[in-house]
Amino acid sequence: MNNLLKNVYENSPIFLQNIMTSIYGYVLSKRRFPKNQSELLQQLKELEFISKRELEKFKLKELQKIIIYSYNKVPYYKKLFKDINFNPNNIEDFNDIRRIPFLTKEKINLQPNQLISKEFDQDKLVIHKTSGSTGSPLAIYKDGECNNRSFAYWERLRRNHGVKIGDKKATFFGRAIVSKKQSKPPFWRYNLTQNQLLFSIFHLTQDNLPAYINKLEEFAPLYIESYPSALFVIAKYLEENKININLNLKCIFTTAENLEADKRELIEEQFKTKIVDQYGSSEAVVFAGECKYGNMHIFPGFGFVEVIDEEGNPTDGLGEIVVTGFLNKAMPFIRYKLGDMVELDKDFKCKCGRSSAVIVNLGGRKDDLIITPDGNQVSRLGYVLKNNSEVKEAQIIQNDIREIIIKVVPNKGVLEINKDKIITSIKKRLGEEINYSIVEAQEIPRQENGKFRYVVCNLSDKQKEEILRS
Ligand SMILES: [Zn+2]
């Protein structure tokens with residue numbers, strides 16, 4: 001929404017906001033779901049279950065197609081491939097693309113227009129701006145076909161779990177649908193066209209939670225889509241106050257943040273349903289979602305996935321994910337460093353029958369690493385406090401190479417946090433050379449887009465480089 005519309009929306013009465021939400025929902029669904037959607041969904045379903053051999057062939061073909069297309073239509077790649085003397089018509093196996101240098105956000109931001117295909121009119125493309133909460137912001141242009149297909153994948157995932165667009169759903173995402181100034185319910189707006197109740201995640205305070213719980217029960221959604229951190233706040237409140245929420249959910253979809261095992265357990269227990277976790281990115285280059293056995297499969301038609309170590313070589317362990325998207329011709333991303341840490345099992349034999357790789361470990365944002373004075377990059381620190389019964393939520397902040405602040409929200413009824421215990425467990429991971437301090441807080445602020453971060457490393461790129469080089 002542009003600023004003028006945002007202003008009009010914010011200053012309208014709530015019934016009008018509901019109407020506007022529905023109209024906007026209608027426009028979005030027109031844009032997202034084409035007439036041939038059922039055909040498309042059928043295609044994607046077949047693709048999910050093709051044999052390993054067919055799958056490899058398919059991926060190579062798609063990879064060749066997008067690389068050749070990019071060479072012919074996208075100025076950035078034309079120049080790049082010429083410079084490195086790379087012939088896009090000579091790709092015979094997956095290793096051949098390893099000569100193409102990685103694409104990064106920084107490179108795109110230097111010359112964004114060079115990444116846009118000459119075949120498209122920039123003004124007619126769908127634009128998506130990433131928030132830039134970690135690293136630099138980015139404007140991504142997508143063509144209509146890519147947009148349709150991206151949403152078809154989401155719909156595929158829903159249907160794999162017995163629900164679909166149009167079924168009653170409640171959502172908890174970062175869209176500012178309720179003014180921050182509003183202090184009384186309703187903290188939700190209704191989108192009639194999709195039978196969707198959008199809850200604001202910016203008003204989830206202890207005082208407001210009873211209203212959220214009542215509204216959820218009254219609306220009785222069939223499923224929920226949410227950031228994990230938003231539902232965690234509600235689940236924790238239900239647990240602490242021994243409230244038995246009366247819902248009959250088919251499932252909950254979580255996305256956009258790391259879902260830790262203990263949080264998942266609590267949400268599933270309190271909402272009395274299973275979670276289906278999804279992994280993707282606003283760049284529309286990768287899509288993964290859990291099957292009914294809880295394994296997170298990469299959806300093969302979306303893009304080609306590599307995992308690299310620090311030196312940029314392929315690794316079977318935890319490493320940075322690098323993707324080449326198949327869907328977006330308007331702005332093709334080839335060997336794009338997404339900034340997330342993952343570990344794949346390429347030969348996982350899942351009972352569901354899908355042969356695509358499974359993400360066995362989602363390690364969070366690469367920027368969410370803490371760097372120790374001896375140059376180690378430590379990930380997954382959120383887990384350090386996992387089994388600490390005194391801690392409700394925590395955030396680890398690095399402002400300096402030798403200084404770590406741990407913000408802690410105590411659980412209800414905890415009068416004093418055992419700080420030594422926390423520091424001892426963190427020291428085991430990060431060493432003795434750092435000064436640790438613990439700050440108790442009532443709550444941990446979310447980012448502007450409503451997402452929660454476990455680890456915030458505020459070192460500059462230059463500082464990081466210096467330490468890693470020494
Ligand atoms: Zn499976």
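### Digging into the overall build of the protein
Along its length, the protein carries 12 helices and 20 strands. Taking 23 Å as the expected radius of gyration for a compact globule of 470 residues, we find that the protein reaches 23 Å, a close match to that expectation. With the C-alpha coordinates of the protein rotated into their principal frame, the extents come out at 65 × 55 × 50 Å. Within the protein, the fraction of its 470 residues that count as buried is 35%.

### Here we look at the environment of Ile467
On the secondary structure map, Ile467 appears in helix α12 (residues 461-469). Classification of Ile467 as partly exposed rests on a count of 17 C-beta atoms within 10 Å. In this structure, Ile467 is in contact with Ile371, Gly375 and Ile401, ignoring residues within four places of it in sequence.

### Quick notes on unusual backbone geometry
The linkage connecting Pro185 with the following residue, Pro186, adopts the cis geometry, with an omega of 10 degrees. Within the element layout of this structure, Pro186 appears in the loop between β3 (169-173) and β4 (188-191). Phi at Lys272 is positive, roughly 50 degrees, even though this residue is not glycine. Considering the arrangement of structural elements, one finds Lys272 in the loop between α10 (261-271) and β8 (275-280).

### Comments concerning the packing of helix α9 (residues 228-240) against α10
Between α9 and α10, the shortest axis-to-axis distance is 9 Å and the interhelical angle comes to 60 degrees. When the axes of α9 and α10 are compared, the pair comes out oblique. Crossing of α9 against α10: the hand is left-handed. In this structure, α9 contributes Pro228, Leu231, Phe232, Ala235, Lys236, Leu238 and Glu239 to the contact, and α10 contributes Lys263, Leu266, Ile267, Gln270 and Phe271. In the contact of α9 with α10, the residues fall into 8 nonpolar, 1 polar and 3 charged.

### Looking at the domain arrangement of the protein
Each domain of the protein was delimited in the assignment, giving domain 1 (3-32 + 162-249), domain 2 (37-150 + 281-365) and domain 3 (369-469). Its C-alpha centre places domain 1 at a distance of 31 Å from the equivalent point of domain 2.

### Let's talk about the sheet that holds strand β18 (residues 403-410)
An order of β19-β18-β17-β20 is seen for the 4 strands of this open sheet, with the pairing classed as mixed. The sheet is open, and its two edges are formed by β19 (435-440) and β20 (455-457), each paired on a single side. Mean inter-strand twist for the sheet, computed between neighbouring axes without regard to direction, equals 20 degrees. Note: β18 against β19, 6 bridges, orientation parallel. When the bridges of β19 are listed, Ile406 appears paired with Ile438. Packed on one face of the sheet, helix α11 (residues 419-430) meets β18 and β19 and runs near 140 degrees to β19.

### Details of the nonpolar core
If you look at the biggest cluster of nonpolar residues, it comprises 48 residues, and the most contacted ones within it are Val286, Ala288, Val323, Tyr336 and Ile359. In terms of residues, this core owes the most to one element, strand β13 (residues 336-345), which gives 5 residues. Discounting residues that sit within four places of it in the chain, Ala288 has contacts with Gln278, Tyr279, Gly280, Met296, His297, Ile298, Phe299 and Ile359. Listed in part, the 33 residues of the second largest apolar core include Phe172, Phe199, Tyr212 and Ala256.

### Digging into the sheet that holds strand β6 (residues 223-226)
Taken together, the 12 strands give an open sheet; going across it, the order is β4-β5-β3-β6-β7-β8-β9-β10-β14-β13-β12-β11, and neighbouring strands pair in mixed fashion. For this open sheet the edge positions go to β4 and β11 (303-308), each flanked by a neighbour on one side alone. The mean inter-strand angle of the sheet, taken between neighbouring strand axes irrespective of direction, is 30 degrees. As judged from the 4 bridges shared by β6 and strand β7 (residues 251-254), these two strands associate in the parallel manner. Paired with Tyr223 across the two strands is Cys251, which belongs to β7. Set on the sheet, helix α2 (residues 14-32) makes contact with β4 and β5 (196-200); between it and β4 the angle comes to about 45 degrees.

### A few points about the environment of Ser281
With respect to the element layout, Ser281 can be found in the loop between β8 and β9 (287-290). Residue Ser281 is classed as buried on the basis of its C-beta count, with 20 C-beta atoms lying within 10 Å. With 151 residues separating them along the chain, Ser281 and Thr130 place their C-alpha atoms 9.7 Å apart. Once you skip the residues sitting within four places of it in the chain, Ser281 turns out to touch Val286 and Leu338.

Criteria and thresholds
- Residues numbered from 1 in each chain as written.
- Predicted model: local features only at pLDDT ≥ 70, side-chain atom pairs only at ≥ 80, totals over all residues.
- Helix = DSSP H or I, 4+ residues; strand = E, 2+ residues; numbered from the N terminus.
- Rg over C-alpha atoms; globule rule 2.2 N^0.38 Å.
- Buried ≥ 20, exposed ≤ 12 C-beta atoms within 10 Å, placed from the backbone.
- Contact = placed C-beta atoms within 7 Å.
- Axes fitted to C-alpha atoms, helices over the stretch in contact; angles between N-to-C directions.
- Parallel < 35°, antiparallel > 145°, perpendicular 65-115°, else oblique.
- Left-handed = near helix turned anticlockwise from the far one by under 90°.
- Nonpolar A, V, L, I, M, F, W, Y, C, P; charged D, E, K, R; others polar.
- Domains from an automatic or database assignment.
- Pairing = 2+ DSSP bridges.
- Core = buried A, V, L, I, M, F, W, Y, C linked by C-beta atoms within 7 Å.

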